[in-house]
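Here is what each chain is made of, one letter per residue.
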Amino acid sequence: MIPDSSSGWRTLLLLLGGSVLFFASAACAQPAPGPAGKPQPGIDVLDYDFHLSLADTTDRIEGTATVRLRVTTDTLTAVRLDLVGPPAEGGDTGMAVSTVSEEGSDVPYRHTDNILRIAPTAGLSAGQTHTFRIRYAGVPADGLIIGTNRHGDRTFFGDNWPNRARHWLPVEDHLSDKATAEFRVTAPAQYEVVSNGALVSDSTTGDTRTTHWRTDVPLPTKVMIIGVADFAVDTVATVDGVPVQSWVYPEDREAGFKDLGQAPPILRFFEENLGPYPYEKLANVQSTTRYGGMENAAAIFYSEEAVADGQDSTPLLAHEIAHQWYGNTVTEADWPHLWLSEGFATYLTALYLEHARGPAALTKFMSDARQTVAQFHAENPDTPLVDTTFSDPNQLLTSNPYQKGAWVLHMLRHEVGTATFWDGLRAYYDRYRNENASTRDFRRVMEDVSGQDLAGFFSQWTRRAGHPVIEGTWRHDASADECVVTLRQTQDTAPFRVPVDVGLTNERQRTTTLVMRDRETQARIDCARAPSSVTLDPFTRLLGTFSIERAE
Ligand SMILES: [Zn+2]
């Protein structure tokens, strides 16, 4: 996901080469009430089947959710699902449950404090599988955004990140519980419906239309959505058997098809380098998402202005398409490991730009990202990449998981070598496909693939805040035909263990790498003549800030 500019993400403009990709959307909805970042205990949802009825005359939706789940503990007295009910202080929004049943028989339930507690009279025990059918209705306060698009036309778009599915779907609303899903949507006949997975059926009876989508790939709820609007649809290409489609508002057909039509080479690059695309199709969809882009599985939603502004959306497309591998298919184990999603999508964007536009594009991207990281660190000196101190996942939307996460991958690439790095990304995808993974899991894969001990690297860059501040001096020792380079880490905290490239330039540049372990390092480098300039980190490979001056 890429946040919207309205959330203070001016720095992402820098990151994306200065192009204005983000626009303020409608005012942000309130965060979901309830234990936002926690899973419900004792259950593993296997499959969701949602039937939803939508109308033009009301924002009220009617739903039937069939939830198949396994009980994982003997101590459970009730299955708890997240579902936001009517507000305690009264109001028109929230979902009201009318029945819960299993195999046609009513099951006792209680729906309070935005939790639906289902308590079968026969009790619950570990290993049991239950299939509950929940009938409910109401006006969603959030999660399913019902309103008008930029042309004043009525639209319905799911927008669940991080835990807003509970506003319109009874779910275990935590990214650690992935399940297959299908949506059967009955809506006025003039709308097209897009969702995750493959189209099963689409039929119109009178003035209503029922569209059925299903995915057999388990998804976290954060990327489980529908989009319902008057769409123009273009099948752009088929890449390795995967249909690539653009879904845009008819009024934005020309600009939208052109912009989203850039997806096929991006998909091809990631397929070739990461492994098979995980889903049945790739739809790129213009939408009213609050975000700049949101990586919903196989049906990515982009902000409606980003698609129609005539500017190049390549970095935005690359970011969201990369998420189909990392974030959606290999999902972070819990919110503190968000960088395994956002850092990967950010760095894979940089790698695509390197591939498509050359090494200078990568350098520019990483250099801009480094400025952003330094600025964030100056304002938040104690926040490490893996941040366990949050109470709401929205608080984690800083440059840390994005730009710093990308920088950790960039440095890891140089630590293990580019070919091994790609091997590691593929192996990580292969090992954790359709599952969840933590930072430690990723480290172990990279250690297995590289044969290197990466404990120090990961500890330093993911558990510790900050980066080295390196100040250097150099002088030319003519008597020895040597340059004497002295580097010092001047940050308040303990020294980092880092390789620092020193570039010496006369007619051409040559580079020596000094490994710093201590506060200060001095090295003598062969140089018959005094260089015209000496620079630190000339290839933009180390996260840090650098300065060096001549001592004589
Ligand atoms: Zn993202």
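What comes next is a walk through the structure. Bear in mind the structure is a predicted one, so any value in this text is a computation, not a measurement.

### Examining the packing of helix H6 (residues 339–357) against helix H7 (residues 359–379)
With their axes 6 Å apart at the nearest point, H6 and H7 run at an angle of 150° to one another. Looking at the two axes, H6 sits roughly antiparallel to H7. Between H6 and H7, the residues in contact are Thr-346, Tyr-347, Thr-349, Ala-350, Leu-353, Glu-354 and Arg-357 and Pro-359, Ala-361, Leu-362, Phe-365 and Met-366, respectively. Of the residues contributing to the contact of H6 with H7, the split by class is 8 nonpolar, 2 polar and 2 charged.

### Overview of the sheet that holds strand S7 (residues 115–118)
Hydrogen bonds between backbone groups are what pair the strands of a sheet, and the pairing can be parallel or antiparallel. Read across the sheet, 3 strands follow the order S3-S7-S6 without closing on themselves; strand pairing throughout is antiparallel. One side of each edge strand has no neighbouring strand; the edge strands of this open sheet are strand S3 (79–82) and strand S6 (109–112). When strand polarity is set aside, the average angle formed by the axes of neighbouring strands in this sheet is 20°. Here S3 runs beside S7; their pairing, made up of 4 bridges, is antiparallel.

### A closer look at the state of the cysteines
Every disulfide links exactly two cysteines, by a covalent bond between their sulfur atoms. Counted by the stated rule, this structure contains 1 disulfide. In this model, Cys-483 is linked to Cys-527 through a disulfide, with the two sulfur atoms separated by 2.0 Å. Residues Cys-483 and Cys-527 share a disulfide whose torsion about the S-S bond is about 125°; that sign makes it right-handed. Of the two residues, Cys-483 sits in strand S24 (residues 482–489) while Cys-527 sits in the loop between strand S27 (520–526) and strand S28 (533–536), which places them 44 residues apart along the sequence. Its relative accessible area of 0% is what places Cys-483 among the buried residues. By relative accessible area, which is 6% here, Cys-527 ends up buried.

### Digging into the packing of H7 against helix H8 (residues 399–416)
Where H7 contacts H8, the axes come no closer than 9 Å and their chain directions differ by 130°. With respect to each other, H7 and H8 are oriented oblique. The two elements H7 and H8 cross, and the hand of that crossing is left-handed. Only Ser-399, Asn-400, Gln-403, Lys-404, Ala-406, Trp-407, His-410 and Arg-413 of H8 make contact with H7, whose side of the interface consists of Leu-362, Met-366, Ala-369, Arg-370, Thr-372, Val-373 and Phe-376. Considering only residue class, the contact of H7 with H8 consists of 7 nonpolar, 5 polar and 3 charged.

### So, the sheet that holds S24
The 4 strands lie next to each other as S27-S24-S23-S29, forming an open sheet whose pairing is mixed. For this open sheet the edge positions go to S27 and strand S29 (545–550), each flanked by a neighbour on one side alone. On average, each strand axis in the sheet is inclined to that of its neighbour by 20°, with strand direction left out of account. Relative to S29, strand S23 (residues 469–477) runs parallel, the two sharing 6 bridges. Note that in S29 the partner of Val-469 across the bridge is Thr-545.

### Observations regarding the side chain of Glu-172
With respect to the helices and strands, the residue Glu-172 is situated in the loop between strand S10 (154–158) and strand S11 (179–188). Once residues lying within four places of it in the same chain are set aside, the contact partners of Glu-172 are Pro-39, Gln-40, Ile-43, Val-45, Tyr-48, Leu-81, Asp-82, Asp-177 and Thr-221.

### Some words on the environment of Asp-312
The residue Asp-312 is located in the loop between helix H4 (304–308) and helix H5 (314–322) in this model. There is a polar contact of 2.6 Å between the side chain of Asp-312 and the side chain of Thr-314. In terms of polar contacts, Asp-312 uses its side chain to reach the side chain of Arg-357, at 2.6 Å.

Cut-off values and rules
Residues numbered from 1 in each chain as written. Predicted model: local features only at pLDDT ≥ 70, side-chain atom pairs only at ≥ 80, totals over all residues. Heavy atoms only, no water. Axes fitted to C-alpha atoms, helices over the stretch in contact; angles between N-to-C directions. Helix = DSSP H or I, 4+ residues; strand = E, 2+ residues; numbered from the N terminus. Parallel < 35°, antiparallel > 145°, perpendicular 65-115°, else oblique. Contact = heavy atoms within 4.5 Å. Nonpolar A, V, L, I, M, F, W, Y, C, P; charged D, E, K, R; others polar. Pairing = 2+ DSSP bridges. Disulfide = S-S within 2.5 Å. Buried < 20%, exposed > 50% of the residue type's maximum accessible area, 1.4 Å probe, protein only. Left-handed = near helix turned anticlockwise from the far one by under 90°. Polar contact = N/O pair within 3.5 Å; in protein donor to acceptor, adjacent residues only side chain to side chain.

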